[in-house]
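Residue strings, one per chain:
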Amino acid sequence: MHDRVLLVLDYVNSVILVYFVVTNVVYTLLMLVSLYAVTMHSKYAARVSHQELLDSPVTPPVALIVPAHNEEEGIVQTVLSLLELEYSEKELIVVDDGSTDRTAERLIERFALEPADFIYRPRLPGRTPLGFYYNPAHPELLLIRKENGGKPDALNVGINMARSPYFCTVDADSIIEQQALLRLMAPVLRSRAPTVVSGGVVRIANGCTVRNGKIVALDLPRGWLERCQVVEYIRTFLFGRPGWNFLNATFIASGAFCLLHRESVIAAGGFGTDTVTEDIDVIASLHRTLRAKGEPYRMVFATDPICWTEAPKDLRMLARQRRRWQLGLLQTVVKHHDMIFNRRYGALGMLSMPFHAYIEAVGCLVEALGTVLIPFSFLVGAMPWSLFLLLMLLAVGYGTLLSTGSILMEEATIGRYPRVGHVVTLMAYALLENIGYRQMMAFCRAQGVIQYLLGRRRWETVRKSGMAEAAHA
Amino acid sequence: MPKWMKNRLVIGLVVFFTAMGIWESRKPRFRPMYQQGAALYQQQRYLQALQQFDRAYGVDPNQVAVVVMMGWSNLKLRRYEEARFYFQRAQRLDPRNPEAQLGAAFVAWHTGQRLDGNKAQRLAARFPDDPEVRAMAEAAKKQEAGGRR
């Protein structure tokens with residue numbers, strides 16, 4: 001019996017070792033590609049004149065679609081900030097997805113909106129709108145009220161009402177930097193192939209001072225959990241997505257702030273309601289449709305358009321968020337499994353999909369298991385000291401290296417944090433994040449996978465306290 | 001065939017875990033050799049035990065248990081230099097390993113080197129039923145007393 005247990009331990013430890021080695025090799029390659037891509041992009045971004053883009057007659061109009069469900073606290077702030085975005089021609093469509101609070105009323109009162117008759121052509125499936133609200137004094141703004149049908153349903157309704165060739169999905173609790181939409185559009189205009197997706201960076205606004213829908217003072221949040229998330233977001237958006245974008249194998253673009261080509265999305269069937277992460281699903285559907293048509297296309301990711309969002313402040317909400325993300329990612333890779341190791345999809349099928357399926361979606365189980373089993377194996381003497389050290393180095397040391405590297409890269413390229421103290425604090429948290437926080441997140445993500453396997457596939461609501469408080473600060 | 005069995009994600013995972021299983025099963029294991037060596041050691045067939053431990057050492061040179069037994073076997077065969085090497089290596093791998101500490105102390109005792117009295121006492125406390133350890137501790141005590149005089 002004892003021998004069999006040791007045999008199983010040896011097997012599991014080998015799996016964990018192979019997983020960590022493969023993961024770290026992939027991350028290293030991705031890091032090198034990202035480093036090159038981010039450097040190139042920042043050089044390009046420094047040269048581009050955004051005023052030129054703003055004045056250019058070829059800059060296409062964009063519809064900003066804001067699905068909102070029970071967002072009465074921050075919706076006015078968000079709309080104010082979006083109306084003030086620097087962009088020549090934009091429409092702002094707020095879709096009130098059956099809110100039970102005063103989300104719609106707040107907008108109606110603040111912008112003196114009145115019921116209006118508009119022609120609604122449902123090109124994508126979605127609940128029929130209950131009403132449209134409009135004020136000629138704010139011609140860019142349109143409010144749609146509908147029954148609750150979920151975020152993808154609200155987005156589909158918004159797309160149906162949009163007239164612009166591009167639309168940008170924006171979360172109702174986000175704040176977008178004034179030039180961000182122009183910066184998001186810049187790579188689209190530069191690209192030689194038709195660009196169907198342009199993704200931006202999402203950063204954490206906790207700790208920042210918000211006034212009239214604008215961030216007026218940048219600061220780090222007070223809590224350790226939020227600070228760890230700040231480091232995590234920087235790493236994700238600087239050491240991952242730019243690399244995949246460079247390889248033309250984008251699989252994830254954050255729905256909090258993402259520009260999409262309207263007709264392509266309609267051709268791909270819009271936002272699906274069968275996963276809880278519709279933003280990942282729509283990217284996969286776009287790849288599928290466009291590859292099937294054999295049309296050239298490009299999906300881009302830029303590191304300078306920044307959208308600020310509020311991160312969960314307590315562990316319970318953070319765990320919910322991560323479980324949902326993991327569940328959605330797994331749902332999406334299972335749904336689009338035929339793309340995995342499929343040469344037809346190029347780098348996406350041969351590299352990005354396997355990475356997201358095996359390392360990002362399922363790998364957390366190995367990571368969580370390793371967190372428990374490695375120290376256990378070592379303590380019971382089933383693992384030699386040298387292997388224990390190697391695994392710890394791979395798990396913690398390498399993660400720290402990636403995190404510190406991404407903070408330095410952020411500072412060198414984007415450099416949003418104004419004080420040296422901010423950078424020093426973030427560097428300290430780059431180390432702390434890998435001791436405790438990352439392991440906790442691995443457990444939360446593993447829970448998401450287990451939820452999927454148990455058949456619990458519902459959306460877990462993440463309650464946030466809202467950034468509105470800061471607005472009055 | 002159930003639908004999930006055709007899923008590439010599932011197929012990939014099955015392939016990976018099967019490949020790992022095959023790799024693991026083909027990997028030579030130190031444990032059977034170690035256990036054989038331990039059995040021979042119990043039978044006081046130290047030379048044959050050493051050969052088995054040597055094979056186990058070839059498979060996993062970082063296994064402290066194997067390294068320690070290499071030390072004990074060499075000590076029993078009065079190959080003190082080899083025994084010292086293995087006990088020192090075991091201590092480097094796991095500085096807190098009591099067997100490695102004990103082995104190193106025994107080598108010192110057998111080769112007439114000076115013993116660390118405190119360490120010997122600690123080892124005697126740790127292995128109270130072993131008369132040889134007690135004898136070594138006594139010898140260390142005497143050495144210290146002699147040294148003070």
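Source: prediction; values computed, not measured.

Peer 1: Tell me about the overall build of chain B, and please be specific about residues and values.
Peer 2: Scanning chain B from terminus to terminus reveals eight helices and zero strands. Relative to a compact globule of 149 residues, whose C-alpha radius of gyration would be 15 Å, chain B shows 22 Å and is clearly more extended. The dimensions of chain B, computed from C-alpha atoms along their principal axes, are 85 × 30 × 25 Å. The contacts in chain B between residues at least 6 apart in sequence include a share of 43% that link residues at least 24 apart.

Peer 1: Tell me about the overall build of chain A, and name the residues and values.
Peer 2: The helix and strand tally for chain A stands at 16 helices and 12 strands. Compactness check: chain A gives a C-alpha radius of gyration of 23 Å against a globular reference of 23 Å for 473 residues, within 12% of the reference. Considered along the principal axes of its C-alpha atoms, chain A spans approximately 75 × 50 × 45 Å. By the burial criterion, 49% of the 473 residues in chain A qualify as buried. Taking as baseline every contact in chain A between residues at least 6 positions apart, the subset at least 24 positions apart corresponds to 81%.

Peer 1: Tell me about the interface of chain B and chain A, and please be specific about residues and values.
Peer 2: In this complex, chain B contributes 15 residues to the contact, which on the side of chain A involves 19 residues. Counting residues per element, the side of chain B that touches chain A draws most heavily on helix H1 (residues 8-26) of chain B, which supplies seven residues. Partitioning the side of chain B that touches chain A into residue classes produces five nonpolar, five polar and five charged.

Peer 1: Describe the nonpolar core, listing the residues and the values that go with them.
Peer 2: Here is a general trend for soluble globular proteins: nonpolar side chains tend to be buried in one another's company. Residue and element names in this part refer to chain A. Formed by 128 residues in total, the largest nonpolar core has its most connected members in Val62, Leu64, Ile65, Ile93, Leu181 and Leu259. At nine residues, the largest contribution of residues to this core is made by helix H15 (residues 420-454). What Val62 contacts, discounting residues up to four positions off in sequence, is Tyr87, Lys90, Ser164, Tyr166, Phe167, Cys168, Leu181, Met185 and Leu259.

Peer 1: Could you give an account of helix H4 (residues 103-111) of chain A, with specific residues and numbers?
Peer 2: All names here are of chain A. Three or more residues of H4 are buried, namely Thr103, Ala104, Arg106, Leu107 and Phe111. What you see down the axis of H4 is that its buried residues fit within an arc of 160 degrees, all on one side. Residues of H4 that are buried in the fold lie against strand E1 (62-68), helix H3 (75-83), strand E2 (90-97) and strand E5 (141-146). Positioned one or two residues after H4, Ala112 has a phi angle of 50 degrees, which is positive.

Peer 1: Would you mind going over helix H3 (residues 46-59) of chain B in detail, with residue names and values included?
Peer 2: Residues and elements named next belong to chain B. Compared with the 20 Å implied by 1.5 Å per residue over 14 residues, the 20 Å span of H3 between its first and last C-alpha is a close match. Among all positions of H3, only Tyr46, Ala49, Leu50, Gln52, Phe53, Ala56 and Tyr57 are buried. Down the axis, H3 shows its buried residues gathered within 165 degrees of arc, on one side only. Opposite the packed face of H3, turned more than 90 degrees from it, sit the exposed residues Leu47 and Gly58.

Peer 1: Let's hear about unusual backbone geometry: which residues, and what values?
Peer 2: Residues and elements named next belong to chain A. One non-glycine residue with positive phi stands out, namely Asn70, at about 50 degrees. Phi at Asn248 takes a positive value of approximately 55 degrees, unusual for a residue other than glycine. Its location among the elements puts Asn248 in the loop between helix H8 (241-246) and strand E11 (257-261).

Peer 1: So, the pairing of E11(A): which residues are in play, and what are the values?
Peer 2: On any regular strand, side chains alternate: one points to one face of the sheet, the next to the other face. All names here are of chain A. Taking burial as the measure, the five residues of E11 include five buried ones, the bulk of the element. The side-chain alternation of E11 yields two buried faces, one formed by Phe257, Leu259 and His261 and the other by Cys258 and Leu260. Two elements, strand E6 (residues 166-170) and E11, share five bridges in a ladder whose sense is antiparallel. Within E11, the position partnered with Thr169 by the bridge is Cys258.

Peer 1: With reference to specific residues and values, describe the packing of helix H2 (residues 30-42) of chain B against H3(B).
Peer 2: All names here are of chain B. H3 packs onto H2 with a crossing angle of 165 degrees between their chain directions and a minimal axis gap of 8 Å. Classed by the angle they form, the pair H2 and H3 counts as roughly antiparallel. Here H2 and H3 pass one another in a crossing that is left-handed. Between H2 and H3, the residues in contact are Phe30, Met33, Tyr34, Gln36, Gly37, Leu40 and Tyr41 and Tyr46, Gln48, Ala49, Gln52, Phe53, Arg55, Ala56 and Val59, respectively.

Peer 1: Lay out the packing of helix H7 (residues 224-238) of chain A against H15(A) in plain terms, naming residues and giving numbers.
Peer 2: Residues and elements named next belong to chain A. For the pair H7 and H15, the least separation of the axes is 9 Å and the interaxial angle reads 100 degrees. Classed by the angle they form, the pair H7 and H15 counts as roughly perpendicular. The residues of H15 that touch H7, namely those facing Arg227, Cys228, Val230, Val231 and Glu232, are Leu426, Tyr429, Ala430, Leu432, Glu433 and Tyr437. Split into classes, the residues belonging to the contact of H7 with H15 amount to eight nonpolar, no polar and three charged.

Peer 1: Residue-level account of the environment of A:Gln77, with values.
Peer 2: Residues and elements named next belong to chain A. By secondary structure assignment, the location of Gln77 is in helix H3. Residue Gln77 is classed as buried on the basis of its 23 C-beta neighbours within 10 Å. The sequence separation of Gln77 and Phe376 amounts to 299 residues, and the corresponding C-alpha distance is 50 Å.

Peer 1: Residues and numbers for the confidence of the model for chain A, please.
Peer 2: Predicted coordinates in areas of low pLDDT are best not read in detail. For chain A, mean pLDDT is 88; residues scoring 70 or higher make up 95% of the total. Within the model, pLDDT remains below 50 along residues 468-473 of chain A, and this stretch shows 10 contacts once partners closer than five positions in the same chain are excluded.

Peer 1: Quick one: what's the story with the sheet that holds E1(A), residue by residue and with numbers?
Peer 2: Residue and element names in this part refer to chain A. Spatially, the 10 strands line up as an open sheet ordered E3-E4-E5-E2-E1-E6-E11-E8-E12-E7, and their pairing is mixed. Single-partner strands in this sheet number two, and they are strand E3 (114-116) and strand E7 (174-176). Looking at each pair of strands side by side, their axes are set apart by 30 degrees on average, direction ignored. Bridge count for E7 against strand E12 (residues 298-309) is three bridges, and the pairing is antiparallel. Pairing of Ile175 across the sheet is with Trp308, part of E12. Where helix H5 (residues 151-161) meets the sheet, it contacts E1, E2, strand E4 (129-134), E5 and E6, and its direction lies at approximately 150 degrees from that of E1.

Peer 1: How would you sum up the pairing of strand E8 (residues 195-204) of chain A? Please name residues and give values.
Peer 2: All names here are of chain A. Burial analysis of E8 places 10 of its 10 residues in the buried class, which makes it a mostly covered element. With eight bridges joining them, E8 and E12 adopt parallel strand pairing. Across the sheet, residue Val197 finds its bridge partner in E12, namely Met299. Direction of pairing for E8 relative to E11: antiparallel, over a ladder of three bridges. Across the sheet, residue Val197 finds its bridge partner in E11, namely Leu260.

Peer 1: Account for the environment of A:Tyr44, naming residues and giving values.
Peer 2: Residue and element names in this part refer to chain A. With respect to the helices, strands and loops of the structure, Tyr44 is situated in helix H1 (residues 2-47). Residue class for Tyr44 comes out partly exposed when judged on the 14 C-beta atoms lying within 10 Å of it. For the pair Tyr44 and Pro187, spaced 143 residues apart in sequence, the C-alpha separation works out to 9.6 Å.

How each quantity is defined
Residues numbered from 1 in each chain as written. Chains lettered and ligands numbered in written order. Predicted model: local features only at pLDDT ≥ 70, side-chain atom pairs only at ≥ 80, totals over all residues. Helix = DSSP H or I, 4+ residues; strand = E, 2+ residues; numbered from the N terminus. Rg over C-alpha atoms; globule rule 2.2 N^0.38 Å. Contact = placed C-beta atoms within 7 Å. Buried ≥ 20, exposed ≤ 12 C-beta atoms within 10 Å, placed from the backbone. Nonpolar A, V, L, I, M, F, W, Y, C, P; charged D, E, K, R; others polar. Core = buried A, V, L, I, M, F, W, Y, C linked by C-beta atoms within 7 Å. Arc of directions from axis to C-beta. Expected span 1.5 Å × (residues − 1). Pairing = 2+ DSSP bridges. Axes fitted to C-alpha atoms, helices over the stretch in contact; angles between N-to-C directions. Parallel < 35°, antiparallel > 145°, perpendicular 65-115°, else oblique. Left-handed = near helix turned anticlockwise from the far one by under 90°. pLDDT = per-residue confidence, 0-100.

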